[in-house]
Amino acid sequence: MLTIEAEGHVWPLDTFIDSHRFRRSDGDVPPIARSDWPLACITADCRIIEEPARHVPWHTIIAYRAPELSSHLAQCPDCGDTAEIASSLFANEDGTLILDCPTCGSADPDGYC
Ligand SMILES: [Zn+2]
């Protein structure tokens, strides 16, 4: 079983990925890869790295997400992918925040209130 060291514990890799809401990439390059904002990524050799998305070595990455408390990136509540707040998060006429996800197109008004 693959494990990963994080937060002072050794986690089963899949448990860590799921419980921390990382999105599996399987070598695909997601839309967020064009961004300059830092992403938290898990490498194929089970390390966590944080790099500007544009500089992430995507062929070595198995999962990624917005860093905790990122003020520039948001997680899509539907597909779990990461989107740039500046270009993807909009306020409705009534002030509700909506994420226009570049991956699944979700605009779920319940996700960000
Ligand atoms: Zn989405």
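Here's a quick rundown of the structure. Computed from a predicted model, the values in this text were never measured in an experiment. Numbering of residues starts from 1 in every chain and runs along the sequence as written. Local features in this predicted model are restricted to residues whose pLDDT is 70 or higher, and side-chain atom pairs enter the listing and the counts only when it is 80 or higher, whereas totals over whole chains, interfaces and linings include all residues. Think of the side-chain values as coming from all heavy atoms in the structure, minus any hydrogens and water.

The next point concerns the overall build of the protein chain. Helix and strand definitions here come from DSSP, where helices need a minimum of 4 consecutive H or I residues and strands a minimum of 2 consecutive E residues; each element is numbered from the N-terminal end. Across its full length, the protein chain carries 2 helices and 10 strands. Listed N to C, the secondary structure of the protein chain is β-β-α-β-β-β-β-β-β-α-β-β in terms of helices and strands. If you line up the protein chain on its principal axes, its C-alpha atoms span 50 × 25 × 20 Å. Only protein chains enter the accessibility calculation, which uses a 1.4 Å probe. A residue is then buried if its area is under 20% of the maximum for its type, exposed if over 50%, and partly exposed in between. Looking at the protein chain as a whole, 39% of its 113 residues qualify as buried. Partitioning the intrachain contacts of the protein chain with sequence separation of at least 6 by distance along the chain shows that 41% fall at a separation of at least 24. Every accessible area reported is derived by Shrake-Rupley at a probe size of 1.4 Å, with residue values counting cover from the shown protein chains alone. Carbon and sulfur atoms make up 51% of the accessible area of the protein chain, which totals about 6500 Å². Just so you know, the count uses Lys and Arg for positive and Asp and Glu for negative, and it drops His and the chain ends. For this purpose, a charge sits on NZ of Lys, CZ of Arg, CG of Asp or CD of Glu. Each charge class in the protein chain was averaged separately, 7 positive and 19 negative side chains, and the resulting centres sit 5 Å apart. Contacts are residue-level and defined by heavy atoms, with any inter-residue pair within 4.5 Å sufficient.

A few words now on the coordination of the zinc ion. With water omitted from the atoms examined, metal sites may look incomplete; donors here are N, O and S atoms no farther than 2.8 Å from the metal, or 3.2 Å in the case of Na, K and Ca. Bound to the zinc ion on the protein side are C76 (SG), C79 (SG), C101 (SG) and C104 (SG), at distances that span 2.2 to 2.4 Å. Around the zinc ion sit 4 donor atoms; with metal-centred angles ranging over 106 to 112 degrees, the donor geometry is tetrahedral. Donor residues for the zinc ion sit on one chain with the sequence pattern C-x2-C-x21-C-x2-C. Taken together, the residues span a long stretch of sequence, with C76 in the loop between strand 7 (73-75) and strand 8 (82-84) and C101 in the segment after strand 10 (97-99) at a distance of 25 residues. Given a relative accessible area of 0%, C76 falls into the buried group. Any coordination sphere not matching a tetrahedral pattern (four donors, all angles between 85 and 135 degrees) or a square planar or octahedral pattern (four or six donors, opposite donors over 155 degrees apart, other angles between 65 and 115) is reported as irregular.

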